[in-house]
Structure formats: structure tokens, C-alpha cells
Amino acid sequence: MRLLIAACALAALTACTSTHLVRPLGRGNGMVHASLGGPLIKLGSAVFPTPIATVGGAYGVRDDVELYLHANITAAAFGDLHLEPGVAYHPIVRDRGPIPTVTVTGSLHFLTDFTTSARALPQLSAATAWALGKKRHLLYGGLDLAISFEGRGWVPIFGPFVGGELRVGKRVGLSLEAKYLVPNFDTAAAAPAWVAPGGFGYVSVLLGLNVYLAGAP
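Residues numbered from 1 in each chain as written. Predicted model: local features only at pLDDT ≥ 70, side-chain atom pairs only at ≥ 80, totals over all residues. Heavy atoms only, no water.

1. A few points about the overall build of the protein chain
What counts here: To qualify as a helix, a DSSP run of H or I must reach at least 4 residues; to qualify as a strand, a run of E must reach at least 2; elements of each kind are numbered from the N terminus. The rule is simple: take the accessible area with a 1.4 Å probe, protein chains only, and divide by the maximum for that residue type; under 20% is buried, over 50% is exposed, in between is partly exposed. We call two residues contacting when some pair of their heavy atoms lies within 4.5 Å. The accessible surface values rely on the Shrake-Rupley method and a 1.4 Å probe; as for residues, cover is taken only from the protein chains in view.
In terms of regular secondary structure, the protein chain is built from two helices and eleven strands. For the protein chain, the α and β elements follow one another from N to C terminus as α-β-β-β-β-α-β-β-β-β-β-β-β. Relative to its 217 residues, the protein chain shows a buried fraction of 45%. Look at the contacts in the protein chain between residues 6 or more apart in sequence, and 54% of them connect residues 24 or more apart. With the model as given, the accessible surface of the protein chain reaches about 10,600 Å², and the carbon-plus-sulfur share is 70%.

Quick look at the structure:
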């Protein structure tokens, strides 16, 4: 049960970060973003995403590499700190066609309540993305893997995600992303209100707003 609770706690944290950065920005270009959402919660007959807000931004240090930072605004409202700095690398970049852009990211979740605890938890992600149409809308999917260190052991938190971005004008993108995390854990006992297919793992949904700065794709 201790490992299950740890898995649920970290899964909730990783699911509440921003939608994934899968579009190469190019050297010297930047973007800012905001997202809202989290684990799907059952309340009576209704189902809705947890309203957790995140903001952040990214900057292209090379044509195929970005540095980024996410900040959990909801955690800050409750007096806690949750920052996620990271780096995204695109070993394959395609503007169109059947071959996707490939993105690999690595980040750290820094978490503290400023009194009793402070943690740094690593996360890796891999994604493929296809640009669609002349406006370069996006369709993407991938896999997350985060690690929680508990006592002398560690707990892997993994799961697939799918998403898309609808470009509105030249510099604005509206994104929708769904994740299914910890499918290997029976989460019904630790988090009975979460939407969990078959009682295992849980589903998270995020809505995002991406604003690309001058020069960005």
C-alpha cells in the first residue's frame, strides 16, 4: 500500500504538468504556454478533470534542442512549490509527410512545502508528432516515465499519452492531451474517485494554450 500511495501521488504530479513540447522551435525562438487539467474525477454521475493550472515557457538553444520550465500555479496557491525544468531534443525533424518528428525530453520535478519535505524526481518522455495541413496542426503520441524514490527502493511511473494542437493564426496553438498513467497499479483503493479503466491506473486530460513568439514556427 505504501508503494501504491507513492505511485498515485507522483502520477498525479506528473500528469498535472503542461502538455508536451513536441514542436521544434528553432535556435533563438521561444514560446510561452499555460495548461489546465489533471486526473479525471468522478463526482456522482459526472466526470471532470481536476482544475490544476500550469504555466511555463521554452527557448530554442539549437534548431533541435529547447530548454523549458513548467510551474504549478495551483500548488503555489496552497503554499507549495512545484517546478519542472527540462530539455527537449528532436533527433528527427519533419515539417510534413508520413515520417514524424521525434522528441525526447528529460526533466526534474522539484517539490517542496518549505517546511517538512523537499524532493527532486526525474522524468523522461519520448514522442512522435505529425504536422498536418498548411497551418501545421499537430497530432502526437508518446510515453512518459517518472521515478519516485521511496526508502531504499524506487517506483516507476509510466504510461502513454496522445494529443493534438490546433493552430489559430500564426502564433497561437490550442492543445488537448490525454494520458493513462500507472496502468500496472490497482488504484481503486488509494484513489477511488479517479477514473481508472478496470480499477488500474488513471486517466488525465489537459487543455493547453501555446503562444509562439516572433520567429518560432
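2. A closer look at the environment of Tyr 212
Our working definition: For this analysis, a polar contact is any N or O atom pair within 3.5 Å, provided that within protein one partner can donate a hydrogen and the other can accept it, and provided that sequence-adjacent residues contribute only side-chain to side-chain pairs.
In this fold, Tyr 212 is placed in strand 11 (residues 200-212). With relative accessibility at 3%, the residue Tyr 212 sits in the buried group. Measuring from C-alpha to C-alpha, the distance between Tyr 212 and Val 32 comes to 6.7 Å, with 180 residues separating the pair along the chain. Engagement of the side chain of Tyr 212 in a polar contact is seen with the side chain of Glu 165, the distance being 2.7 Å.

3. Points about the nonpolar core
The criterion, for reference: Buried Ala, Val, Leu, Ile, Met, Phe, Trp, Tyr and Cys residues that are joined via side-chain atoms within 4.5 Å together make up what is termed a nonpolar core.
With nine residues, the main nonpolar core is built from Ile 41, Ala 146, Val 155, Ile 157, Leu 181, Val 182, Phe 185, Trp 194 and Tyr 202. For this core, the secondary-structure elements that each account for two or more residues are strand 9 (153-168) and strand 10 (172-186). The biggest single contributor to this core is strand 10, with three residues. If you look at the next biggest cluster of nonpolar residues, it comprises eight residues, including Leu 25, Ala 58, Tyr 68 and Tyr 212.

4. A short note on the pairing of strand 3 (residues 53-62)
If a strand is regular, its side chains alternate between the two faces of the sheet. The following threshold applies: Should DSSP find at least two bridges between two strands, the strands are taken to pair.
As paired elements, strand 1 (residues 30-43) and strand 3 share seven bridges and run antiparallel to each other. Each residue of the ladder has a partner; that of Met 31, found in strand 3, is Ala 58. Here strand 3 pairs with strand 4 (residues 65-72) via eight bridges, running antiparallel. Pairing of Gly 57 across the sheet is with Leu 69, part of strand 4. What sits between strand 3 and strand 4 in their antiparallel hairpin is a turn of two residues.

5. Examining the environment of Ile 157
Relative to the assigned elements, Ile 157 resides in strand 9. For the pair Ile 157 and Asp 144, spaced 13 residues apart in sequence, the C-alpha to C-alpha distance is 7.8 Å.

6. Here we look at unusual backbone geometry
Unlike most non-glycine residues, Arg 136 shows phi in positive territory, near 60 degrees. Classification of Arg 136 by relative accessible area gives buried; the value is 18%. A positive phi angle is found at Val 182, which is not glycine, with a value near 45 degrees. Its place among the elements puts Val 182 in strand 10. Note on Val 182: relative accessible area 0%, which makes it buried.

7. Regarding the pairing of strand 2 (residues 46-49)
In this structure, strand 1 lies alongside strand 2, joined through four bridges in antiparallel fashion. Counted as the bridge partner of Lys 42 is Val 47 from strand 2. What sits between strand 1 and strand 2 in their antiparallel hairpin is a turn of two residues, with Gly 44 showing a positive phi close to 70 degrees.

8. Considering a nonpolar patch on the surface
The criterion, for reference: Residues with no salt bridge and a relative accessible area higher than 30% make up the patches, which join like charges within 9 Å and nonpolar side chains (Val, Leu, Ile, Met, Phe, Trp, Tyr) within 5 Å. By convention in these notes, a salt bridge is any Lys or Arg side-chain nitrogen within 4 Å of a carboxyl oxygen on Asp or Glu.
Residues Leu 166, Val 168, Leu 174 and Leu 209 make up a contiguous nonpolar surface patch of roughly 330 Å² in combined accessible area. With respect to the helices, strands and loops of the structure, Leu 209 is situated in strand 11. Judged by relative accessible area, which is 38%, Leu 209 ranks as partly exposed.

9. Quick look at the environment of Pro 49
Relative to the helices and strands, Pro 49 resides in strand 2. Here Pro 49 falls in the partly exposed class, since its relative accessible area comes to 35%. Considering only alpha carbons, one finds Pro 49 and Pro 39, ten residues apart in sequence, at a separation of 5.5 Å. Pro 49 has contacts with Gly 37, Gly 38, Pro 39, Leu 40 and Val 205, leaving out every residue within four places of it along the chain.

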